[in-house]
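Topology and contacts: notes
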Amino acid sequence: GEDVEQSLFLSVREGDSSVINCTYTDSSSTYLYWYKQEPGAGLQLLTYIFSNMDMKQDQRLTVLLNKKDKHLSLRIADTQTGDSAIYFCAESAAGNMLTFGGGTRLMVKP
Amino acid sequence: DVKVTQSSRYLVKRTGEKVFLECVQDMDHENMFWYRQDPGLGLRLIYFSYDVKMKEKGDIPEGYSVSREKKERFSLILESASTNQTSMYLCASSLSALSTDTQYFGPGTRLTVL
């Protein structure tokens, strides 16, 4: 079946850039997503990218997709303490049925 | 704004009890989902529903059932709770099943089974 992998933890200093990486196995993925979960809250969709794109930028967020290597990354520029959260990568191959990665906990140190 | 609400934020139950988790959305969404979230495993789909009285098994349906009697409400039922069902349960809804239809999540219910 499909598999989505992420590293468990990332620590950065405030003002630095954060890069969260994700790999997936399903070559028929059509959309790839990044969700953010703040402490005690549900998941919030941050951004998504269609599989025929290789980059998408939205303010401080940059998503890069390497379809050949099945690698997705989320770069957060000028990381702030409010960016501390768990970030989930997800992919969909059929409709909006999602397969999630295990989540990366981002800790931003002042 | 879409609002997805879950009946409880925290719940403590005993082994063998019947447990109901309720989810309500206010945007007339067709699709609703129940996930469980465990550290390092991400979210795993338990059941989803694409219409009233319709349900489909997700990846881990064993030990769970669901009910969708009204469009806005999707209930997750643990017929006989067990300690390995201690987890965070997240409900989501989406307008339909198109790839571009965002899933909106509730705040979650943290269930502890003693």
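Scroll up a little and you will see the structure.
Presented here is a report on the structure given in the accompanying data block. (Residues numbered from 1 in each chain as written. Chains lettered and ligands numbered in written order. Predicted model: local features only at pLDDT ≥ 70, side-chain atom pairs only at ≥ 80, totals over all residues. Heavy atoms only, no water.)

Digging into the pattern of salt bridges
In this structure the tally under the stated criterion is nine salt bridges over all chains. The shortest N-O distance in the salt bridge between Asp69 of chain A and Lys68 of chain A comes to 3.6 Å. The residue Asp38 of chain B makes a salt bridge to Arg36 of chain B at a minimum N-O spacing of 2.9 Å. For Asp38 of chain B, a relative accessible area of 11% puts it in the buried group. On the basis of relative accessible area, Arg36 of chain B is assigned to the buried category, the value being 8%. Via salt bridges that share partners, Arg36, Asp38 and Arg44 of chain B belong to a single interconnected network. (Salt bridge = Lys/Arg side-chain N within 4 Å of Asp/Glu carboxyl O. Buried < 20%, exposed > 50% of the residue type's maximum accessible area, 1.4 Å probe, protein only.)

A few points about the state of the cysteines
Residue and element names in this part refer to chain A. The full count for this structure, using the stated rule, is two disulfides over all chains. Paired by a disulfide, Cys22 and Cys89 hold their sulfur atoms 2.0 Å apart. Across the S-S bond linking Cys22 and Cys89, the dihedral sits near -65°, which makes this disulfide left-handed. Taken together, the residues Cys22 in strand β3 (residues 18-24) and Cys89 in strand β9 (residues 85-92) connect sequence positions 67 residues apart. Here Cys22 matches Cys89 in class, with each residue buried. (Disulfide = S-S within 2.5 Å. Helix = DSSP H or I, 4+ residues; strand = E, 2+ residues; numbered from the N terminus.)

Quick word on the sheet that holds strand β7 (residues 61-66) of chain A
Residues and elements named next belong to chain A. Pairing within the open sheet is antiparallel, and its five strands lie in the order β1-β3-β8-β7-β6. In this open sheet, the two edge strands, each paired with only one partner strand, are β1 (4-6) and β6 (55-58). Within this sheet the neighbouring strands show an average axis-to-axis angle of 15°, counted without direction. Bridge count for β7 against strand β8 (residues 71-76) is six bridges, and the pairing is antiparallel. Within β8, the residue paired with Leu65 across the bridge is Leu72. (Pairing = 2+ DSSP bridges. Axes fitted to C-alpha atoms, helices over the stretch in contact; angles between N-to-C directions.)

Some remarks on unusual backbone geometry
Residue and element names in this part refer to chain A. One non-glycine residue, Gln59, adopts positive backbone phi at about 55°. Relative to the helices and strands, Gln59 is located in the loop between β6 and β7. You will see that Asp78, though not glycine, has its phi angle at about 50°, which is positive. Along the chain, the position of Asp78 falls in the loop between β8 and β9. A residue is classified by how much of its surface remains accessible, and Asp78, at 40% relative accessible area, is partly exposed.

Observations regarding the pairing of strand β11 (residues 109-113) of chain B
Residue and element names in this part refer to chain B. Side chains of β11 alternate between two faces, with Thr109, Leu111 and Val113 buried and Arg110 and Thr112 left unburied. Inspection of the sheet shows strand β2 (residues 10-13) paired to β11 by four bridges, in the parallel sense. When the sheet's bridge partners are listed, Val12 is paired in β11 with Thr112. Strand direction decides the pairing type here: strand β9 (residues 87-94) and β11, joined by three bridges, are antiparallel. In the strand pairing of β11, Met88 is matched with Arg110.

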